[in-house]
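Notes for the structure review
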Amino acid sequence: MTRVGIDYRAMQIGHQFRGIGSVLRNVCAGIAVSNKVEDTEFILFTEGPVDDCADKEAKSIFKGANYRYCSLGDSRSRNEKILYSLPKRQEKIIERSCDKFIQFDFSLGLPKKVESLLVMHDFIPYELGNRYPNTYLPEYRKARRAGLHRKHALQQKIRREVYIRNVKDALRRADRIITVSGFTAKRVKEIAKEFNIDLDPKIVTSSFLGASSVKGNKKEMDHFEKHIIRGYGLDKNPFIFWIGGVDDRRRIDLLVQAFNRIRATGKELKLVLAGLDFISIDSIYNVKAKEAILKSSYKEDIILLGYISDEQRNFLYEKAEAFVFPTESEGFGLPLVEALLLGTSVVCFKNTSLVELIGDNCFPCKESAIGLSEAIINCLERSDEEKQKDKEAGILWAKKFTYADFVEKVNEFIKHR
């Protein structure tokens, strides 16, 4: 029997709400179904005891599979995080507990003496750190020039060095590397070359993700959720939609400026912003985004929904005139595929991994407020016949993106002797 270790701590430290959690769920669900119970045991490495929420997730993901938990002990101390990508005490537990190891978050580390598969998503904190020092991981001088206090700049510098150390350790220790897009695969090879890491003995492959989280969800909103939607008039009035975070690479400021330009032409339209960062104007920590909203002449029509359920999200995707995705860097870009799969037109920048996802019912544009506003107007001004034709074509395009190939590559690693 092959003992397959999976670092399940990713589902305990916040990634359950992010892209890493989505990839872990879908990939693990796929390999759980395709590996026979009598041949494979899944060891889920956890950080201390498993809470009810993480346990419920595991029961859903590994339903019918042979799995058990294995605790790596309490949380890593601050010193351990600085000194080790994976403390020796945790590394030893992994090495004696499994034959194969799968890591979905490189920062949690990989063991030396167990054949390991690493899933790489992106290098955004490293690549955008000097451009956005307050949000990401800058060099010390860049941080100081941006106005950060010496103490804060030093903290960011240390975090950047720890990040780089963890990347190097992960790339050196991994026996196989799978990325979430061709763009990320290219960046892995470039980063490895930059850090003088030889990837020749390893197999670096890319595999797209899928939007299974929206395909199978046919539930309706409950009474309270419907009341919120109706209260803002989103069941009747036209709107454009964004769901996600408000960090600097998400150019919400440009989206608001584009919205202002469109409204100034006389078009009646609302802008809906959803996600935990949009609970209220005070919860928007990004200064540029916050100021853009407050200074907008049409701020009464900018709706901050905060956290929404899957049912509300799907309703808004389907009802929106367009899903606008003004992001400067993505490892994959799952929301774009989710929107297309539900028949929503997408307006986005043509950059990074999004180049690989842009297809039918997409309106790529330049990275500017003018580019966004022109693309949104082009999307809005289509005839009903054109919209329906694009919708059907976009759904077919989005269906090409599934986890099947990803799961197959992981299974090849599990079964390789």
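Residues numbered from 1 in each chain as written. Predicted model: local features only at pLDDT ≥ 70, side-chain atom pairs only at ≥ 80, totals over all residues. Heavy atoms only, no water.

Quick word on unusual backbone geometry
Heads up, the rule is: The helix count covers DSSP runs of H or I at least four residues long, the strand count covers runs of E at least two residues long, and both are numbered beginning at the N terminus.
With a phi angle near 35°, Thr352 is a residue other than glycine that sits in the positive phi range. Summarising the element assignment, Thr352 is placed in the loop between strand 12 (346-349) and helix 15 (354-357). In this model, Asn361 sits at a positive phi of 70°, which is unusual for a non-glycine residue. Tracing the chain through its elements places Asn361 in the loop between helix 15 and strand 13 (362-365).

So, the pattern of salt bridges
Which entries qualify depends on this criterion: Salt bridge, as used here, is a side-chain nitrogen of Lys or Arg placed within 4 Å of a carboxyl oxygen of Asp or Glu. Buried residues are those whose accessible area, probed at 1.4 Å on protein chains only, stays under 20% of the maximum for their type, while exposed residues exceed 50% and partly exposed ones sit between those limits.
Applying the stated rule across the entire model yields 28 salt bridges. For Arg3, the salt bridge identified is with Asp99, shortest N-O distance 3.1 Å. With Arg3 in strand 1 (residues 2-7) and Asp99 in the loop between helix 4 (88-97) and strand 4 (100-103), this residue pair connects regions lying 96 residues apart in the sequence. For Arg3, a relative accessible area of 26% gives the class partly exposed. One salt bridge connects Lys267 with Glu381, and the closest N-O pair in it is separated by 3.6 Å. You can see Lys267 sitting in the loop between helix 11 (252-264) and strand 9 (270-274) and its partner Glu381 sitting in the loop between helix 16 (369-380) and helix 17 (384-398), a full 114 residues away along the chain. On the basis of relative accessible area, Lys267 is assigned to the partly exposed category, the value being 26%. The exposure class assigned to Glu381 is exposed, which follows from its relative accessible area of 54%. Here the salt bridges do not stand alone but share partners, grouping Arg131, Arg251, Asp253 and Glu328 into one network.

A word on the sheet that holds strand 8 (residues 239-243)
Within a sheet, neighbouring strands are paired by backbone hydrogen bonds and run either parallel or antiparallel to one another. Put simply, the rule is: Two strands form a pair only when DSSP identifies at least two bridges running between them. Axes here mean lines fitted to C-alpha atoms, for a helix over just the part in contact, with angles spanning 0 to 180 degrees between N-to-C directions.
Here we have six strands laid out as an open sheet, ordered 10-9-8-11-12-13, and parallel in their pairing. Two strands lie at the open edges of the sheet, namely strand 10 (302-306) and strand 13, each paired on one side alone. When strand polarity is set aside, the average angle formed by the axes of neighbouring strands in this sheet is 25°. Across four bridges, strand 9 lies against strand 10 in parallel orientation.

Examining a nonpolar patch on the surface
The criterion, for reference: Patch building starts from residues that exceed 30% relative accessible area and form no salt bridge, then joins like charges within 9 Å and nonpolar side chains (Val, Leu, Ile, Met, Phe, Trp, Tyr) within 5 Å. Every accessible area reported is derived by Shrake-Rupley at a probe size of 1.4 Å, with residue values counting cover from the shown protein chains alone.
On the surface, Ile82, Leu83, Tyr84, Leu154 and Ile158 cluster together into a nonpolar patch covering about 430 Å² of accessible area. Put simply, the parts of the chain that give the nonpolar patch at least two residues each are helix 3 (78-83) and helix 7 (150-173). Here Leu83 lies in helix 3. You can call Leu83 exposed: its relative accessible area is 56%.

Quick word on the packing of aromatic side chains
Rule in force here: Centres within 6.5 Å make a pair out of two Phe, Tyr or Trp rings, where for Trp the six-membered ring is used; the pair is then stacked when the planes are under 30 degrees apart, edge-to-face when over 60, and tilted otherwise. For a Lys NZ or an Arg CZ to count as sitting over a ring, it must be within 6 Å of the ring centre and within 35 degrees of the ring normal.
Applying the stated criterion across every chain yields a total of 16 aromatic pairs. Look at Phe42 and Phe62: their rings are 5.5 Å apart centre to centre, the planes differ by 50°, and that puts the pair in the tilted class. Remark: Phe62 occurs in the loop between helix 2 (52-61) and strand 3 (67-71) and Phe42 occurs in strand 2 (residues 40-46); sequence separation between them is 20 residues. Judged by relative accessible area, Phe42 falls into the buried class, the value being 0%. Classification of Phe62 as buried rests on a relative accessible area of 1%. Pairing Phe45 with Phe101 gives two aromatic rings, centres 6.0 Å apart and planes at 55°, and the pair type is tilted. In this pair, Phe45 sits in strand 2 while Phe101 sits in strand 4, placing the two residues 56 residues apart along the sequence. You can call Phe45 buried: its relative accessible area is 0%. The class for Phe101 is buried, based on a relative accessible area of 0%. In this structure, Lys100 is placed above the aromatic ring of Phe413, and the distance from its NZ or CZ to the ring centre is 5.0 Å. Stacked on the ring of Phe195, the Lys or Arg Lys168 has its end atom at 5.1 Å from the ring centre.

Looking at the packing of helix 11 against helix 16
Quick reminder of the rule: Angular relationships are summarised with four words: roughly parallel below 35 degrees, roughly antiparallel beyond 145, roughly perpendicular across 65 to 115, and oblique for the angles in between. Here a crossing is called left-handed whenever its near helix is offset anticlockwise from the far helix by less than a right angle, and right-handed whenever the offset is clockwise. Contacts are assigned to residue pairs that have any heavy atoms within 4.5 Å of one another. Charged means Asp, Glu, Lys or Arg here, nonpolar means Ala, Val, Leu, Ile, Met, Phe, Trp, Tyr, Cys or Pro, and polar covers whatever is left, Gly included.
Relative to each other, helix 11 and helix 16 sit at 55°, their axes nearing to 8 Å. It follows from the interaxial angle that helix 11 and helix 16 lie oblique. Of the two elements, helix 11 crosses helix 16, and the hand of that crossing is right-handed. Touching Leu254, Leu255, Gln257, Ala258, Arg261 and Ile262 of helix 11 are Ala369, Ile370, Leu372, Ser373, Ile376, Ile377 and Leu380, all from helix 16. Per-class residue counts for the contact of helix 11 with helix 16 are 10 nonpolar, two polar and one charged.

Structural notes on the packing of helix 1 (residues 19-34) against helix 18 (residues 404-415)
With their axes 9 Å apart at the nearest point, helix 1 and helix 18 run at an angle of 60° to one another. As summarised for this structure, helix 1 and helix 18 are arranged oblique, according to the angle between their axes. Judged by the twist between their axes, the crossing of helix 1 over helix 18 is right-handed. On helix 18, the residues touching Val23, Asn26, Val27, Gly30, Ile31 and Ser34 of helix 1 are Phe406, Val407, Val410, Asn411, Ile414 and Lys415. A per-class count over the contact of helix 1 with helix 18 returns seven nonpolar, four polar and one charged.

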